Amino acid sequence: MLNSALSCLRPLRSDGRASTVLYLDQNKWIDLARAATAPADNPEIRDILELLCSKVAAGEIILPLTSSNIFETHKVNRHNQRLHLAYTQAALSESKVFRGYRQRLKTEVGRVLSELYGLARSEPDPFWFLSDIFLEATTEADDPRLGMGEFPKALSWIKAHPKEALFNYLMETPEFVRMEAIRRFTEGCEDLRVRIEDRRARHRSENISMRRRLYSAIMAIDQQDEILSIARSLGLPWTCLGDKGGATLRAVIRDTPTFYIEREITLKLEAQERAVTLNDMRDMRTFCTVLPYADIVVAEQQFTSLARQARLHTRYGVHLETDIRALRKLL
């Protein structure tokens, strides 16, 4: 039923996936955790929880987390509340996470450049964007910046016991480490928020077409080193981004899902009268992560509306919902 219902929504997804990728934002996970601990008080959500449990067990759906989910759970100070939420997420997600920003860019930009220059490449596994190692929601395990190379036994244990590793991380991380992780994540979101507000003030008088061009140019400058690194890994010269009067660089910004989604949602955010918040930045990171790869996204009204206005659901073939109870019909 689900495959037929979504067939018209997934024109770009002929990759042979056997399971449906479902993303739930943090508030929906909180609802599920409450239904797990107090079923009599949450009968409708309890039904959804039992449905999800059966579908996950049958391998029909995958419920991966993002770095934002992990961050939001980690920052819960009340021990019992975090315990119930962490257990629900570890059990249902099976520790599957959407891979971090740099790994997604490596594949997305690599695909664009390979197509532009006719380079031979093999398509990655249909679920390449997922990892069983929760750490890779941020950075690949073999990335020196993560520092796991110094702890091979710990990494081996995480790989062998992914659900337990995620649960232990959420519940047993020393307090000073937990607070530092929260501080760094918040700091990164705040930096992005300030940049967006600064751009909005500078470009307020420009029309949407000009603001789109300006944002593309700023993004190209900000991400130039990352893009060039990917180009060099493909054997392309560093000058390739300037080919055809800059057409290569424009194509990378336009056709890389992570870049495109950030640009289009940011333009919608900047057009609003209200101030941009830290929550907006977390939702932005989430939508850039999940929209190109999830089949169904259940999220809050604000960003769901922005994504629909930008027609991102059509571009990436993803079904957007705001009410978790809609899953009863979709699944």
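Residues numbered from 1 in each chain as written. Predicted model: local features only at pLDDT ≥ 70, side-chain atom pairs only at ≥ 80, totals over all residues. Heavy atoms only, no water.

Draft legend 1. Geometry of helix H2 (residues 26–37). Under the 1.5 Å per step criterion, the end-to-end length of H2 is 17 Å for 12 residues, consistent within 8% with the ideal 16 Å. Contacts made by the buried residues of H2 are with strand E1 (20–24), helix H3 (43–57), helix H4 (67–74), helix H5 (79–93) and strand E5 (296–298). (Helix = DSSP H or I, 4+ residues; strand = E, 2+ residues; numbered from the N terminus. Expected span 1.5 Å × (residues − 1). Contact = heavy atoms within 4.5 Å.)

Draft legend 2. Main features of helix H12 (residues 243–255). Turning to H12, its buried residues number three or more, namely Gly246, Thr248, Ala251, Val252 and Ile253. Each element contacted by the buried residues of H12 is listed here: helix H6 (101–117), helix H10 (208–222), helix H11 (224–233) and helix H13 (257–270). (Buried < 20%, exposed > 50% of the residue type's maximum accessible area, 1.4 Å probe, protein only.)

Draft legend 3. Representation of the packing of aromatic side chains in the model. Using the criterion set out here, one finds 11 aromatic pairs in the structure. A ring pair is formed by Phe98 and Phe129, whose centres lie 6.0 Å apart and whose planes are at 20°; its orientation type is stacked. Here Phe98 is found in strand E3 (residues 97–98), whereas its partner Phe129 is found in the loop between H6 and strand E4 (130–131), with 31 residues between them in sequence. One exposure class covers both Phe98 and Phe129, and it is buried. Between Trp128 and Tyr293, the aromatic rings sit 5.4 Å apart at their centres with planes inclined by 80°, giving edge-to-face as the arrangement. (Phe/Tyr/Trp six-rings, centres within 6.5 Å; stacked < 30°, edge-to-face > 60°.)

Draft legend 4. Representation of unusual backbone geometry in the model. Phi at Lys244 takes a positive value of approximately 55°, unusual for a residue other than glycine. In this fold, Lys244 is placed in helix H12. Despite not being glycine, Arg311 shows a phi value in the positive range, around 60°. The topology assignment puts Arg311 in the loop between helix H15 (301–309) and helix H16 (312–316).

Draft legend 5. Main features of the confidence of the model for the protein. Overall, the predicted model of the protein reaches an average pLDDT of 90, with 95% of residues at or above 70. In this model, residues 1–14 is a region of pLDDT below 50 whose contacts with residues beyond four sequence positions or in other chains number 26 contacts. (pLDDT = per-residue confidence, 0-100.)

Draft legend 6. Looking closely at the packing of helix H9 (residues 175–203) against H10. The N-to-C vectors of H9 and H10 enclose an angle of 140°; their axes lie 12 Å apart at closest approach. Between H9 and H10, the angle falls in the class oblique. At the point where H9 passes H10, the crossing takes the right-handed sense. In this structure, H9 contributes Arg195, Arg199, Arg202 and His203 to the contact, and H10 contributes Arg211, Leu214, Tyr215, Ile218 and Asp222. Taken together, the residues of the contact of H9 with H10 sort by class into 3 nonpolar, 1 polar and 5 charged. (Axes fitted to C-alpha atoms, helices over the stretch in contact; angles between N-to-C directions. Parallel < 35°, antiparallel > 145°, perpendicular 65-115°, else oblique. Left-handed = near helix turned anticlockwise from the far one by under 90°. Nonpolar A, V, L, I, M, F, W, Y, C, P; charged D, E, K, R; others polar.)

Draft legend 7. Just the pattern of salt bridges, in detail. All told, the structure shown has 26 salt bridges when counted by the stated rule. The partner of Arg212 in a salt bridge is Glu264, and the shortest N-O contact between them spans 2.8 Å. One end of the pair, Arg212, is in helix H10; the other, Glu264, is in helix H13, and 52 residues separate them in sequence. A salt bridge links Asp323 to Arg325; the nearest nitrogen and oxygen atoms lie 2.9 Å apart. Under the relative-accessibility criterion, Arg325 is labelled partly exposed at 36%. Overlapping salt bridges, with partners in common, bring together Glu180, Arg183, Arg184 and Glu187 in one network. (Salt bridge = Lys/Arg side-chain N within 4 Å of Asp/Glu carboxyl O.)

Draft legend 8. Spatial organisation of the packing of H6 against H12. Two elements in contact, H6 and H12, have axes separated by 9 Å at closest approach and are oriented at 140°. In terms of orientation, H6 lies oblique with respect to H12. Crossing handedness for the pair H6 and H12: right-handed. Of the residues in H12, those touching H6 at Val109, Val112, Leu113, Leu116 and Tyr117 are Asp243, Thr248, Ala251, Val252 and Asp255. Of the residues that constitute the contact of H6 with H12, the class distribution is 7 nonpolar, 1 polar and 2 charged.

Draft legend 9. Local environment of the nonpolar core. Of all hydrophobic cores here, the largest spans 39 residues; its most connected members are Leu22, Leu24, Leu32, Leu52, Leu63 and Leu327. Listing elements by their share of this core, those giving two or more residues are E1, H2, H3, H5, helix H7 (152–160), helix H8 (162–172), E5 and helix H17 (327–330). Counting residues per element, this core draws most heavily on H3, which supplies 5 residues. Here Leu32 is in contact with Leu24, Ile45, Ile48, Leu49, Leu52, Thr88, Leu92 and Ile324, once residues within four sequence places are set aside. Residues Ile196, Ile265, Val276 and Ala310 belong to the second largest nonpolar core, which totals 37 residues. (Core = buried A, V, L, I, M, F, W, Y, C linked by side-chain atoms within 4.5 Å.)

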